Every structure is written in C-alpha cells, then in structure tokens.
Amino acid sequence: MINLIKKSKFLIARRITQITIMFLYIAANIWGFNFLMGNLSSSKLLDTVPLSDPYAVLQMFTAGAVIASDVLIGAIIIFVFYMFIGGRAFCSWVCPVNMITDLSNYIRRKFGFNKILKRQPATRNIRYYVLVLSLILSFFMGYAAFEFVSPVSMVHRGLIFGLGFGWAAIVIIFLFDLFVLKNGWCGHICPIGGFYSLIGRFSLIRVHHNHENCTACMKCKEVCPESQVLFMVTKDSIPVTSGECTNCGRCVEVCDDEALNFSIKNLKKETK
Amino acid sequence: MSNNIPRKDQKMNRREFFLNGARALGLTALGGLVWSAYVDEVTAASLLLRPPGALDENDFLKTCIKCGMCVEACPYDTLQLAKPGDNMPLGTPYFIPRDIPCYMCPDIPCVPVCPTDALNEKLVTTKNKLDINKASMGVAVIDDNSCIAFWGIQCDACYRACPLLGEAITIEYTKNERTGKHAFLKPVVHADVCTGCGLCEKACVTQKAAIFVLPNEVAKGKAGDYYIKGWDKNDEKRLEKATSETTKTKISERKAVDSLNDLGGILDD
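Note that the structure is predicted; figures quoted are calculated from it, not measured.

## Description of the overall build of chain B
When its secondary structure is counted, chain B shows eight helices and eight strands. Structurally, chain B occupies a C-alpha span of about 105 × 75 × 45 Å along its principal axes. Restricting to contacts in chain B with at least 6 residues of sequence separation, those with at least 24 account for 62%. Roughly 17800 Å² of accessible area belongs to chain B as shown, and the carbon and sulfur atoms make up 53% of that amount. If the 33 positive side-chain charges of chain B are averaged to one point and the 35 negative ones to another, these points end up 4 Å apart.

If you want it as structure tokens, here you go:
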C-alpha cells in the first residue's frame, strides 16, 4: 500500500490540486467563501489578484474587444507563471478534463487497447491548427470562437455554475479518448494544450533523464500522455525540453531505476 | 541525397506531399466552416436579458469572458450563466424576471466585479456615483388583451411593484363605457424611464404575465435622425449641424396624359 502511494505520489498530488481548485471555485459560488472566485476563464484570488486565461484573452483581442486592465493583468500573471515556472502544468495539475481523459487512458492500458492498435491515425499537430483556426475565426466573426465551443470551459463552468447538457461534453471526450484516439482530446485537439505547449517550452521545471540508470523497461513511455517528448529515454541524458510535456510526473513516479527526475533547467546545466 | 532515391519513389513522395497538404487545408476549411456556422447559430439568440450595465449585445458577446463573477456577486441569485441546452449564447449571464427579477441593488454588486468591463460601470453611473436607475436591461411591454386592468378589474400589482413608482409605470384613468359608472385604471409603461428590472413581470397576477420585459433591441423602434422635434429646443439644436443635400431628377419631357394613356403596346394586337 505504502509502495502504491509512493509510486503515485505525483498523481495523488495532482488530483488533490485539481479537486481543491474546483472545490474553492464551487465554495465561492455556493457559500460565498471568496478565496478563489470565478472559474478557470477568469478568477479573483483573495478578492484582489486577478487571474485570467491568456488564450481566452488572446481570442478576445483578436475578435476586436477592448481589453480591460483587470483581465489583462490576470492574463499576464498566468502567462508568466506557466512560461517561466510551470510549463504546460495547467493541463495536468489544474484542468478538470484531465481527470476524464486519464480515466480513458487508464481503461485503455488495463484492457490492452494500445497493444492491439499501436499506431495512432492522427497527428498531434492538430492542436496547433485548431489554435490558429480559432484566432482566424475570432478575427472574422468578432467573437472569441473557441470559448463558445470549448468543452473544457463547459466542464469547469458547469461544475461551478450548473452543468445543463454539459455532461454530454464529458461523455463525448471520454468516449472519444477511449475508442477513437489515444490521448485524443488533450494530446491532439485541445488548443489550450497547444497554447501552453508553445509558451511552456521555456519553463524552468523539467523532467530530466539519466540514461545510465535506465533499464529500458519502457514503463515511462507507456504511461506518458505525450510519449513523443520522451524520445531520449534509453539514449541520452538530457532534460525533456518539449513544451508538450505536461509536467505531470507520471514518468518520474513509475520509473523503478531513478532514471527520470524533476529538476530546475538552468541549475542542472551548471552542475553538469 | 535525392539522387539516391529512385525516380518513381521521388514522384510518389511529391504526390504524397501535395496530397497531405491538400488534406490539411481541406480539413481546416471544413472544420472552420462547421465551427463558424455553429458559433453564428449560438450567438444569434436575441430574446435574453443581460445584467445591468451590459454593453451592446454584439460588444457584450465579444468582451464577456464567461467567468460568472457577476452571478456570484448577485445577492438574489437572479443571474445565471447559460448552460448547454439553454439555447442562449453559452456561458454568458442572463436572467428570467418571472423566476427571479433584478431587485435593483443601489450598490450594483454585479457590475464592478466584472474583470472585462463587459458590464461597464460607466453605463450605470451618474455624477461619479453608481446609479441603478440608469440601467437599461430591457423594457416592459403590456399585452392589453390579457391584462385584467384593461378589462375593468381593479389591479395595480405592476404599478405597485415598480421600483420607479409613478415614473416607469403610471396609471391612466378612463371611463368604462360598458358599465357606465366605473373607471379603467390602465397601467402605462414609459419606455424612456423603464430599466427592465422585471419586478412588474414577477408581480403580475395573470397566469402568464401580461406585462413582461423584452430586450431593448426587440421592443424599441427607431425614428431615425431625419425626424426632429421642432418644439423641443434641445432636439432642434441638431439642425445647426445639419447639412443639406440637393438632388436632381431629370423631368420627363412627355405630358402627364401621354404617360397615363401609355399602355406599353399591350392593346396593339
């Protein structure tokens, strides 16, 4: 049991973070406990610090909206945090959709779907196409285009303010990831993930690979939702530099040989 | 390097490259069209009431980030965010007055919390003070066929419920010819004062409210700037800046009688 907890320490920490954040939002709406108000599109921390989704603000800007100072400051805070510190951590530590797609993935692994169908029929670059397309549509339509269709917003907004038919979005993503495409939503389509992939490549917190310890068991690649970022496993002792890595830490915890660890990017370089 | 690849393979590679390019382009166009059609459809709902201080519907849809901070600020739970299935622009705030109307808080808690200024303090401010009476969420409209006051039954529920009592709704007295000895006490809405809070709609005693709030764009007409109230000094000032434009149409050389008798040759046969 203790071993199981040790082997999923980051997973447990992530679930606690995700659920705590959603709980704080819900508590603010239901009981007026205003520690964290709003939702993941825009919120207010401790009634003073604005926090906003920089991708949503970018769409609003492209759509031609006047950007108020509150939402601009909020977007810059979030942008700077993920760019220099967290990387693409939003996807694995905050976003509630991550729990849905992780469940699909878990079932896929347990039932060996991935062993039967090895090759995935779609490119992971779709998210960048969707990202560009959302900005083009926002520009021509004059509305933040992705915000009106985003299942991610439907889920977090729904959990806080009432779900309506939003449960359908949850089921659609679950079934899509389970039967159509492995890591389909989070790893291929979601433009929020694409956005954070682009800005996250500069972040300081990185997974580092030490190939001398590696026994090539490939547990890390099996469990990684963006397994292409672990191309160096068994080969080189370099950090994972791709912004597509969500810093979820699954590879670190499943590794039995101390071959993968979190590190701070620049400090590691100096000690080398 | 390309020299080592057989010519046939080279050709296939080139074909594959073009095909892949065309597929990416085509799928992007397909996705874009479906997506934009959907967004166009969901933003088209016009029969909804926004919180006080909201920008024009178009600018509002552009600017609202759908965070729900106004919903949380409302002490009466009046506001809600549009859920999938509500058939309203997804995630944006609205209210249904017959369920819970806007109670017109003097400090308007829902407006200052808006991080994007989609709910704009300037639109509900007079002399640097928040003023809820300036709100323009919609305008109340009366269906005089179902309003029992118009039947001659005494009812002034809407008049009494109005927070701008005697200003937004007044009572008009007219003689009831049917009985010959009673009066009609008919409610009249003054659209220039009415804020659209919906307290009247909530108070209305009929099964389905005979007085109800419609959005401004739906309920109000527009005279156009080519009509001027000559008896209103302020309105007449608009004439000072007016420019005139003379247009000329060539006068027909034919006589009026010729024109009237011209049947276009249909009797020639």
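## Thoughts on the packing of helix α8 (residues 126-141) of chain A against helix α12 (residues 191-200) of chain A
Residue and element names in this part refer to chain A. Where α8 meets α12, the axes come as close as 8 Å, and the angle between the chain directions of the two elements is 100°. It follows from the interaxial angle that α8 and α12 lie roughly perpendicular. Facing α8, whose interface residues are R127, Y128, V130 and L131, α12 presents P191, G193, G194, F195, S197 and L198. Considering only residue class, the contact of α8 with α12 consists of six nonpolar, three polar and one charged.

## Considering the interface of chain A and chain B
Each side of the interface is counted separately: chain A has 42 residues, and chain B has 32 residues. Counting the surface lost from both chain A and chain B, the interface buries some 3100 Å², and carbon and sulfur atoms represent 72% of this. On the chain A side of the contact with chain B, Y143(A), F148(A) and R157(A) bury the most area, a combined 23% of that side's loss. Taken together, the connections running from chain A to chain B amount to zero salt bridges. Mapped by element, the contributors of at least two residues to the side of chain A that touches chain B are α2 (9-31), β1 (36-39), β2 (42-45), α3 (54-63), α4 (69-86), α8 and α9 (151-161) of chain A. Take the side of chain A that touches chain B: its biggest share by element is six residues, from α8(A). Taken together, the residues of the side of chain A that touches chain B sort by class into 26 nonpolar, 12 polar and four charged.

## Looking at the layout of surface pockets
Remark: the empty space left among the atoms is shown by a probe the size of a water molecule rolled over them. For the largest pocket, the calculated volume is near 1400 Å³. Elements supplying a minimum of two residues to the lining of the largest pocket: α8, α9, α10 (166-180) and α11 (184-189) of chain A together with α1 (7-42) of chain B. For the lining of the largest pocket, the element with the most residues is α1(B), which contributes 10 residues. In terms of residue class, the lining of the largest pocket is made up of 27 nonpolar, five polar and one charged.

## A word on the environment of L36(A)
All names here are of chain A. Along the polypeptide, L36 turns up in strand β1. In this structure L36 comes out as buried when scored by relative accessible area, which is 8%. As a C-alpha pair, L36 and L230 span 194 residues in sequence and 35 Å in three-dimensional space. Not counting residues within four places of it along the chain, the set of residues in contact with L36 comprises I21, L24, Y25, A28, S43, K44, L45 and L51.

## Looking at unusual backbone geometry
Non-glycine residue N183(A) carries a positive phi angle of around 55°. Inspection of the secondary structure assignment puts N183(A) in the loop between α10 and α11. The buried category is assigned to N183(A), whose relative accessible area is 6%. Even without being glycine, N128(B) reaches a positive phi, approximately 60°. Relative to the helices and strands, N128(B) is located in the loop between β3 (125-126) and β4 (129-130).

What counts and how
Residues numbered from 1 in each chain as written. Chains lettered and ligands numbered in written order. Predicted model: local features only at pLDDT ≥ 70, side-chain atom pairs only at ≥ 80, totals over all residues. Heavy atoms only, no water. Helix = DSSP H or I, 4+ residues; strand = E, 2+ residues; numbered from the N terminus. Contact = heavy atoms within 4.5 Å. Areas by Shrake-Rupley, 256 points an atom, 1.4 Å probe, with all protein chains shown as cover. Lys, Arg positive; Asp, Glu negative; His and termini not counted. Charge placed at Lys NZ, Arg CZ, Asp CG, Glu CD. Axes fitted to C-alpha atoms, helices over the stretch in contact; angles between N-to-C directions. Parallel < 35°, antiparallel > 145°, perpendicular 65-115°, else oblique. Nonpolar A, V, L, I, M, F, W, Y, C, P; charged D, E, K, R; others polar. Buried area = accessible area lost by both parts, 1.4 Å probe. Salt bridge = Lys/Arg side-chain N within 4 Å of Asp/Glu carboxyl O. 1 Å grid on protein atoms, 1.4 Å probe; cavity = no way out; pocket = protein on both sides within 12 Å on 5 of 7 lines; lining within 4 Å. Points joined across faces, edges and corners; volume = space filled by probe spheres on them. Buried < 20%, exposed > 50% of the residue type's maximum accessible area, 1.4 Å probe, protein only.

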